[in-house]
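Inside the fold
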Amino acid sequence: MQRQEVLFDMLKLQKQATYLTICLMFVASVVYFLIHGFEIHFSLTVIGLVFMITIIGIVLHEFLHGVGFMVFGKVKLNQVKYGFSWKYGAAYAHCMVPIKLTAYRAALLLPVIVTGLFPLLFSYIFGSGILLVVSVILTAGGIGDWLIFRSLKKYDASQSVMDHPTEVGYFIYTKTVDQGRKKDD
């Protein structure tokens, strides 16, 4: 197996994430206001509730990455590391062993769907501005995961991938030409 390191420029990722977050915030808010009307109420209680739910959502987001690694990638709990990177100002869940590309992609998107898109849908259904704000924040927090997900499209589904242990990126594992040939050749 040949291992290729793929790293992301954090400034470039943050720029892309900022642009996508602004677009997401605008579109999600317009849809919400079209359904429920334009009425905004702020209070310390609401701000505190949004903050508390967002913190819980961030923890749940990383937990769900780990669950995705275990369920889709068939890794053990001790092969998933959780933590906080002071360098990047972000919580993380790190799969310490290579897993199939399809499993990795599923583990990347699971938290964005559960903590971001489902609450957005519920905010539309129930008319909850609090859920709208939290869902936009948590979906925005998963935009980096989505950008990494997109970068994996160029690789074959049979390949394996592993989180980079110290940087924003991953290792992609490919078969060398000799390994792909039969012994009869």
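Use the structure listed above.
Structural notes, computed from the coordinates. Since this is a predicted model, take the numbers as computed values, not measurements.

What follows concerns the sheet that holds strand β4 (residues 99-100). The four strands are arranged β1-β6-β5-β4 in an open sheet whose pairing can be described as antiparallel. Whereas interior strands pair on both sides, the edge strands pair on one side only; in this sheet they are β1 (2-7) and β4. Strand direction decides the pairing type here: β4 and strand β5 (residues 160-163), joined by two bridges, are antiparallel. Looking at β5, one finds that I99 is bridged to V161.

So, on to the layout of surface pockets. Considering only enclosed or pocket space, the largest pocket measures out at about 1100 Å³ in volume. In terms of lining, the largest pocket is formed by 41 residues, of which the most central are E62, A90, A91, Y92 and D145. Its residues placed into classes, the lining of the largest pocket shows 21 nonpolar, 14 polar and six charged. In this structure, the second largest pocket occupies an estimated 490 Å³ of space. Lining the second largest pocket are 18 residues, and of these I40, F42, G129, I130 and V133 lie nearest its centre. Elements that contribute at least two residues to the lining of the second largest pocket include exactly α1 (10-36), α2 (44-73) and α4 (129-141). Looking at the lining of the second largest pocket, the element that brings in the most residues is α4, giving six residues. Residues that form the lining of the second largest pocket fall into these classes: 14 nonpolar, three polar and one charged.

Given a rise of 1.5 Å per residue, 30 residues ought to cover 44 Å, and the 42 Å separating the end C-alpha atoms of α2 matches this to within 8%. When α2 is considered as a whole, its buried residues turn out to be V50, T54, G57, H61, E62, L64, H65, G66, G68, F69 and G73. Within two residues after α2, K74 carries a phi angle of roughly 60 degrees, on the positive side.

Here we come to helix α5 (residues 143-151). Listing the buried residues of α5 in full gives I143, D145, L147, I148, F149 and S151. Against α1, α2, α3 (101-126), α4 and β6 (169-174) lie the buried residues of α5.

Look at K74: it is not a glycine, yet its phi comes out positive at around 60 degrees. Looking at where K74 falls in the secondary structure, it is placed in the loop between α2 and β2 (80-85).

This paragraph deals with the packing of α1 against α4. Two elements in contact, α1 and α4, have axes separated by 10 Å at closest approach and are oriented at 155 degrees. By the angle class used here, α1 and α4 are roughly antiparallel. Relative to α4, the crossing made by α1 is right-handed. Facing α1, whose interface residues are T21, L24, M25, A28, S29 and Y32, α4 presents G129, L132, V136, T139 and A140. A breakdown of the residues in the contact of α1 with α4 according to their chemical character gives seven nonpolar, four polar and no charged.

Moving on to the nonpolar core. Core analysis: the largest hydrophobic core is formed by 25 residues, its most contacted members being F69, Y104, L152 and Y170. Among the secondary structure elements, those contributing two or more residues to this core are α1, β3 (90-95), α3, α5 and β6. A total of five residues in this core trace back to one element, the largest contributor, which is α3. Core analysis: the next-biggest nonpolar cluster, separate from the first, contains six residues, A28, L120, L132 and V136 among them.

On to a nonpolar patch on the surface, then. Among the surface-exposed residues, I113, L117, F118, L121, F122, I125 and F126 lie close enough to one another that they form a single nonpolar patch of about 680 Å² accessible area. Among the secondary structure elements, L121 is positioned in helix α3.

With respect to burial, β6 is a largely interior element, five of its six residues being buried. As paired strands, β1 and β6 are joined by six bridges and run antiparallel to one another. Considered in β6, the bridge of V6 is made with Y170. The pairing of β5 with β6 spans four bridges and is classified as antiparallel. From the neighbouring strand, V161 faces β6, where its bridge partner is I172.

What counts, and at which threshold
- Residues numbered from 1 in each chain as written.
- Predicted model: local features only at pLDDT ≥ 70, side-chain atom pairs only at ≥ 80, totals over all residues.
- Heavy atoms only, no water.
- Pairing = 2+ DSSP bridges.
- Helix = DSSP H or I, 4+ residues; strand = E, 2+ residues; numbered from the N terminus.
- 1 Å grid on protein atoms, 1.4 Å probe; cavity = no way out; pocket = protein on both sides within 12 Å on 5 of 7 lines; lining within 4 Å.
- Points joined across faces, edges and corners; volume = space filled by probe spheres on them.
- Nonpolar A, V, L, I, M, F, W, Y, C, P; charged D, E, K, R; others polar.
- Expected span 1.5 Å × (residues − 1).
- Buried < 20%, exposed > 50% of the residue type's maximum accessible area, 1.4 Å probe, protein only.
- Contact = heavy atoms within 4.5 Å.
- Axes fitted to C-alpha atoms, helices over the stretch in contact; angles between N-to-C directions.
- Parallel < 35°, antiparallel > 145°, perpendicular 65-115°, else oblique.
- Left-handed = near helix turned anticlockwise from the far one by under 90°.
- Core = buried A, V, L, I, M, F, W, Y, C linked by side-chain atoms within 4.5 Å.
- Patch = residues over 30% accessible without salt bridge, like charges linked within 9 Å, V, L, I, M, F, W, Y side chains within 5 Å.
- Areas by Shrake-Rupley, 256 points an atom, 1.4 Å probe, with all protein chains shown as cover.
- Salt bridge = Lys/Arg side-chain N within 4 Å of Asp/Glu carboxyl O.

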